[in-house]
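Chain residues, written in single-letter form:
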Amino acid sequence: TLCTFSSSSLVCPQLRGPPDAALHEGLLSQYDGDSRSWQENYFILLGDFTLRWFESEEALRKGCEPRGSTALSGYLLLSSPSEYAESLGDLCQGLAGGSPFADPPGEFLFFLYHPFRRHFCFCADSAESRRIWKAALRDGIRYRSTELQRRDSLEAEAFLEAVRFYRQERGRYGAGDLLLGLEPEILGNVLMEDLLPVLRSQVLPSIRGSERRRQQLWLQFLQEVYALILSEIASEFEGFQKEKEKLQTELEKKIRPDLDQMLTLKDQIASKLQAAVQSPAESCCGRSVEPHLECVMEELMRPVSSGVEAVRSLFAQRVDEMIGLVRSSPVAVLQKELLALGRTSWQPQVMHLCYEEADLYRESLRGLEERFGFRGVTSLVLGAQNLMQQLMENATHTFLQLSQQHLGQAAGRCRLTQMLRKVKERVLKKFDYDSSSVRKRFAQEWLVRIFLPFLLKHLESGCKLELPQYESFVFADFSGIINLENIYEETVLAVLLQAVGRGEGGLHCPGKIFPPSKYFQSPNRCYCFSVPG
């Protein structure tokens with residue numbers, strides 16, 4: 001039978017992107033703050049990573065309306081009551097509300113926390129159920145929170161830059177985890193950042209009742225304010241989308257005839273700014289940043305390297321298991337295994353051991369917030385997990401593509417086994433080559449994300465405040481196009497990149513310095529597997 005096996009009926013599936021079917025579903029006990037009791041609901045995490053809950057499984061199957069639903073963008077998945085209590089304490093400053101729930105029905109608790117959205121306190125019926133739910137929810141949070149960052153578009157870059165400049169005008173450097181979610185959610189986060197101190201001082205003192213009741217009312221108030229803001233922003237943003245194409249066309253017409261002159265003028269202004277900014281920037285960088293670059297680079301490399309190695313091992317293991325089935329299984333089973341292999345990157349319960357390596361950043365980089373004002377650890381963790389998923393997706397996709405090319409040449413099981421092993425080794429070799437540069441580039445990019453806002457903040461009083469004196473160099477017709485702050489940041493960025501280059505071999509492109517947003521892309525842009533043919 002080994003010699004009569006035919007591979008001609010095997011077709012490698014073409015699978016890219018999240019699945020359409022539900023990712024996970026099942027019963028969970030959920031704490032209800034209004035009734036102060038635990039209620040059992042049937043939850044389902046849809047393929048678009050929306051979480052819905054129903055009265056029962058029967059209600060779901062009958063097509064009844066869900067009791068509720070939520071998008072997972074911006075949420076934190078917390079594993080213990082102490083973590084949840086700590087997050088509540090930060091949000092409810094001045095309120096000693098204690099634990100928001102009592103007498104859970106079991107010990108397998110976990111929580112979904114968002115500062116301005118409904119909180120979820122869950123209790124699973126077993127450790128295994130909790131593990132599977134946490135893996136699925138973690139995947140949903142990552143996918144929905146980084147949707148904008150994973151877009152490969154100049155529009156997304158421009159939007160994130162605009163938000164960053166808006167905050168910098170108010171003296172807030174480093175947007176951190178505010179830039180998670182879609183455009184309306186990010187704008188809502190930024191607006192709530194402005195509003196929260198005012199609400200704390202004007203509204204919180206007027207809330208009456210016991211401390212626990214005040215905490216509950218305060219959280220409900222924040223959620224209602226955020227929902228109202230989000231609704232208004234979403235409506236206005238949708239209206240702006242309709243005007244955007246017209247505005248872009250008008251801007252292109254304005255730029256195209258004078259592009260060369262604009263670039264020449266920009267270079268002239270950059271030269272003048274460099275003469276004034278470079279020396280203090282180099283001094284600040286050499287004194288406050290360079291001594292820490294090597295240590296932080298090591299801390300950035302360690303978790304992502306461990307995660308990438310875990311991805312490699314998981315891919316090799318899955319392929320070996322599939323090859324083992326070739327000798328004893330019918331074609332239909334092998335076809336099913338090929339399908340499963342192609343879905344590996346979208347199976348959170350399989351990938352979670354890889355993703356957990358990125359969670360090490362939360363502890364290893366804890367000191368960066370106090371010393372450098374870095375508040376983007378969650379974005380860093382999610383970015384590393386995106387990189388791991390993309391590496392796995394590229395590896396499995398390439399394996400399936402190369403296998404497809406050779407399946408028709410394999411005359412029997414022995415030949416097919418040999419061919420699949422050769423394809424595996426070829427993909428692993430490419431994986432090693434790509435991943436070695438990808439993870440270093442990832443760490444270097446995050447060095448820039450950590451230290452550039454720090455430099456800009458410390459140079460604000462001595463350098464940035466001098467920018468208005470250069471406005472006279474910008475022609476009136478170009479004033480809405482040539483941005484002095486952009487040119488200034490490019491100068492500071494160039495100083496930082498030189499420092500990084502001296503320590504780690506460089507994060508640069510010869511002859512060109514990119515604006516910061518170019519370094520804040522989704523890892524999708526950094527690497528890919530080439531598919532022969």
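Just so it is clear, the structure is predicted and the values come from calculations on it, not from any experiment. Along each chain, residue indices are assigned from 1 in the same order as the chain's sequence is written. Restriction of local features to residues with pLDDT of at least 70 applies here, the model being predicted, together with a cutoff of 80 or more for giving and counting side-chain atom pairs; totals for whole chains, interfaces and linings are based on all residues. Excluding hydrogens and water, the side-chain figures rest on all heavy atoms present in the structure.

## Structural notes on the pattern of salt bridges
- Whenever Lys or Arg places a side-chain nitrogen within 4 Å of a carboxyl oxygen from Asp or Glu, that contact is recorded as a salt bridge. In total, this model carries 30 salt bridges according to the counting rule given.
- The residue Lys 266 makes a salt bridge to Glu 490 at a minimum N-O spacing of 3.3 Å. Taken together, the positions of Lys 266 in helix 7 (residues 259–288) and Glu 490 in helix 15 (residues 484–504) put the pair 224 residues apart, joining distant regions of the chain.
- Exposure remark for Lys 266: the relative accessible area of 23% places this residue in the partly exposed category.
- Residue Glu 485 is joined to Lys 464 by a salt bridge in which the shortest nitrogen-to-oxygen separation is 3.0 Å. Here the residue Glu 485 occupies a position in helix 15, and Lys 464 occupies one in the loop between helix 14 (413–459) and helix 15, the gap between them amounting to 21 residues. Strands are runs of DSSP state E lasting at least 2 residues, helices are runs of H or I lasting at least 4, and numbering of each runs from the N terminus. Each residue is assigned to one of three classes by its accessible area relative to the maximum for its type, calculated with a 1.4 Å probe on protein chains only: buried under 20%, partly exposed between the two thresholds, exposed over 50%.

## Observations concerning the confidence of the model for the protein chain
- Scored from 0 to 100, pLDDT records how confident the predictor is in each individual residue. Averaged over the protein chain, the pLDDT score is 84; the fraction of residues at 70 or greater is 87%.
- Residue contacts follow a heavy-atom distance rule, with two residues in contact if any of their heavy atoms lie within 4.5 Å. Taken as a whole, residues 1–15 scores under 50 in pLDDT and shows 46 contacts with residues more than four places along the chain or in a different chain.

## Structural notes on helix 5 (residues 183–202)
- By definition here, a helix of n residues has an expected span of 1.5 Å times n minus one. In a regular helix each residue adds 1.5 Å, so 20 residues correspond to 28 Å; helix 5 covers 28 Å between its end C-alpha atoms and thus fits that length.
- Note on bend: the value at a residue is the angle between axes fitted to the seven residues ending there and to the seven starting there. Of all the bends found along helix 5, the most pronounced is centred on Leu 195 and spans about 40 degrees, while Pro 197, a proline, follows it within four residues.
- When helix 5 is considered as a whole, its buried residues turn out to be Glu 183, Pro 184, Glu 185, Ile 186, Gly 188, Asn 189, Val 190, Met 192, Leu 196, Leu 199 and Arg 200.
- Tucked into the core, helix 5 has its buried residues touching helix 2 (81–91), helix 4 (154–169) and helix 6 (211–255).

## Regarding unusual backbone geometry
- At Arg 36, a residue that is not glycine, the phi angle is positive and equals roughly 55 degrees.
- Among the secondary structure elements, Arg 36 is positioned in the loop between strand 1 (24–32) and strand 2 (37–45).
- The backbone of Phe 49 shows a phi angle near 65 degrees, a positive value even though the residue is not glycine.
- The residue Phe 49 is located in the loop between strand 2 and strand 3 (50–54) in this model.
- Residue class for Phe 49 comes out buried when judged on its relative accessible area of 0%.

## A look at the packing of aromatic side chains
- Stacked, tilted and edge-to-face are the three classes assigned to paired rings of Phe, Tyr and Trp, where Trp is represented by its six-membered ring and a pair needs centres within 6.5 Å; plane angles under 30 degrees give stacked, over 60 edge-to-face, the rest tilted. This model, assessed by the stated rule, comprises 22 aromatic pairs.
- Ring plane angle 80 degrees and centroid distance 5.1 Å describe the contact between Phe 43 and Phe 122, whose orientation is recorded as edge-to-face. Of this pair, Phe 43 sits in strand 2 while Phe 122 sits in strand 7 (residues 120–124), and the two are 79 residues apart along the sequence. Taken as a pair, Phe 43 and Phe 122 share a single burial class, namely buried.
- A cation over a ring is seen here: Arg 150 above Tyr 143, with NZ or CZ 4.1 Å from the ring centre. Any Lys NZ or Arg CZ found within 6 Å of a ring centre and within 35 degrees of that ring's normal is scored as a charge over the ring.

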